[in-house]
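Observations on chain architecture
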Amino acid sequence: MSKKIAEGTGALVLDVKVGSGAFMKDEASARELAQTMVALGQDAGVHTVALLTDMDTPLGLTAGNAIEVEESLEVLAGGGPEDVVELTVRLAEEMLAGAGVHDADPGAALKDGRAMDVWRRMIAAQGGDPDAALPTARESETVYAPADGVLVGLDALSVGVAAWRLGAGRARKEDAVQAGSGVRLHAKPGAAVRAGEPLMTLLTDTPERFDRAKQALDGAVTIAPEGSRPAHRLIIDRIA
């Protein structure tokens, strides 16, 4: 918060995650953290709002570096996973309100291409190439659904550890990161699945990593009888 306040910003929107894949595992701790950061911002004269958002389940359909960028570009182009779009729009709405802008529609800007146009101009202005190809992993392996039913649980921490073991993260600062590695999801909680259907694709440049990545996913998937519905709230609360 000290760094954010020192930048001189007039408004700040925080996305405070809670759940297995978050720094704060339980809602009470995440709420306390959000309230503390909002109070710090407001005491410094910064309009500060926090959203408590769920991270028991991975956000979107990717966990990795290049594949998350690819997914973000899909959202900017008017597509992408519904949960990523929902959270993106909600955070943008909060930021616009904090800046005193009340007549903009970030959802419409995604759908009609304006958001993508602005992103391309931003990249070009910094000397980048918005059309540059993203890195891709050389090897892949599929994880299949073990049974028929409804996917009601997909543990975010397990998916994150699997992506890390595939090369998407580092244990030490000296470790190399594989830009194209990670986990691509084919189903999210609430989806009907059939035994033998693809649930995830594991991506890496080093196939010897697959076994340890799959070990991280043991117990990560919960499939319930058809007709079941997962308990899931993407945006849990707003703290202001």
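Analysis parameters
- Residues numbered from 1 in each chain as written.
- Predicted model: local features only at pLDDT ≥ 70, side-chain atom pairs only at ≥ 80, totals over all residues.
- Heavy atoms only, no water.
- UniProt positions renumbered as here; feature names shortened; annotations may be inferred.
- Helix = DSSP H or I, 4+ residues; strand = E, 2+ residues; numbered from the N terminus.
- Buried < 20%, exposed > 50% of the residue type's maximum accessible area, 1.4 Å probe, protein only.
- Contact = heavy atoms within 4.5 Å.
- Areas by Shrake-Rupley, 256 points an atom, 1.4 Å probe, with all protein chains shown as cover.
- Lys, Arg positive; Asp, Glu negative; His and termini not counted.
- Charge placed at Lys NZ, Arg CZ, Asp CG, Glu CD.
- Salt bridge = Lys/Arg side-chain N within 4 Å of Asp/Glu carboxyl O.
- Pairing = 2+ DSSP bridges.
- Axes fitted to C-alpha atoms, helices over the stretch in contact; angles between N-to-C directions.

With an unreviewed UniProt entry as reference, the protein is termed Pyrimidine nucleoside phosphorylase C-terminal domain-containing protein, source organism Sinomonas cyclohexanicum. Looking at the Sequence similarities (unreviewed entry) heading of the UniProt record, one finds this comment for the protein: "Belongs to the thymidine/pyrimidine-nucleoside phosphorylase family."

A count of helical and extended segments in the protein gives eight helices and ten strands. Each of the three principal axes of the protein carries a C-alpha extent, and together these read 55 × 45 × 40 Å. Counting across all 240 residues of the protein, residues that qualify as buried make up 37%. Here the contacts in the protein between residues at least 6 apart in sequence split such that 73% fall between residues at least 24 apart. Total accessible area on the protein is roughly 13000 Å²; 51% of this is exposed by carbon and sulfur atoms. A distance of 3 Å separates the average location of the 24 positive side-chain charges in the protein from that of its 36 negative side-chain charges.

Let's shift gears to the UniProt feature "domain: Pyrimidine nucleoside phosphorylase C-terminal" (unreviewed entry) in the protein. The UniProt feature table records "domain: Pyrimidine nucleoside phosphorylase C-terminal" (unreviewed entry) at residues 150-224. From the first C-alpha to the last, residues 150-224 spans 5 Å; its make-up is 27% helix and 29% strand.

Tallied over the full model, the rule gives 13 salt bridges. For K188, the salt bridge goes to D83, with nearest N and O atoms at 2.6 Å. Here D83 lies in helix α4 (residues 82-98) and K188 lies in the loop between β6 (182-185) and β7 (192-193), a separation of 105 residues in the sequence. D83 matches K188 in its accessibility class, with the two residues each being buried. The partner of R120 in a salt bridge is D131, and the shortest N-O contact between them spans 3.0 Å. With R120 in helix α6 (residues 114-125) and D131 in the loop between α6 and β4 (139-144), this residue pair connects regions lying eleven residues apart in the sequence. A network of salt bridges, in which partner residues are shared, links E27, R31, R233 and D237.

The next subject is the environment of E94. Residue placement: E94 occurs in helix α4. Between the C-alpha atom of E94 and that of L12, which follows or precedes it by 82 residues, the distance is 8.9 Å. Other than its neighbours up to four places away in sequence, E94 contacts V13, V49, L51 and R238.

Turning to the sheet that holds strand β1 (residues 11-18), a few remarks are in order. Read across the sheet, three strands follow the order β1-β2-β10 without closing on themselves; strand pairing throughout is mixed. Every interior strand has two partners, whereas the edge strands, β1 and β10 (235-239), have only one. The average angle at which neighbouring strand axes cross in this sheet is 20°, direction not considered. Sheet topology note: the β1/strand β2 (residues 47-54) ladder contains eight bridges and is parallel. Across the sheet, residue D15 finds its bridge partner in β2, namely L51. Helix-sheet contacts for helix α2 (residues 27-43) involve β1, β2 and β10, and the interaxial angle to β2 is about 165°. α4 contacts β1, β2 and β10 of the sheet and is inclined by roughly 150° relative to β1.

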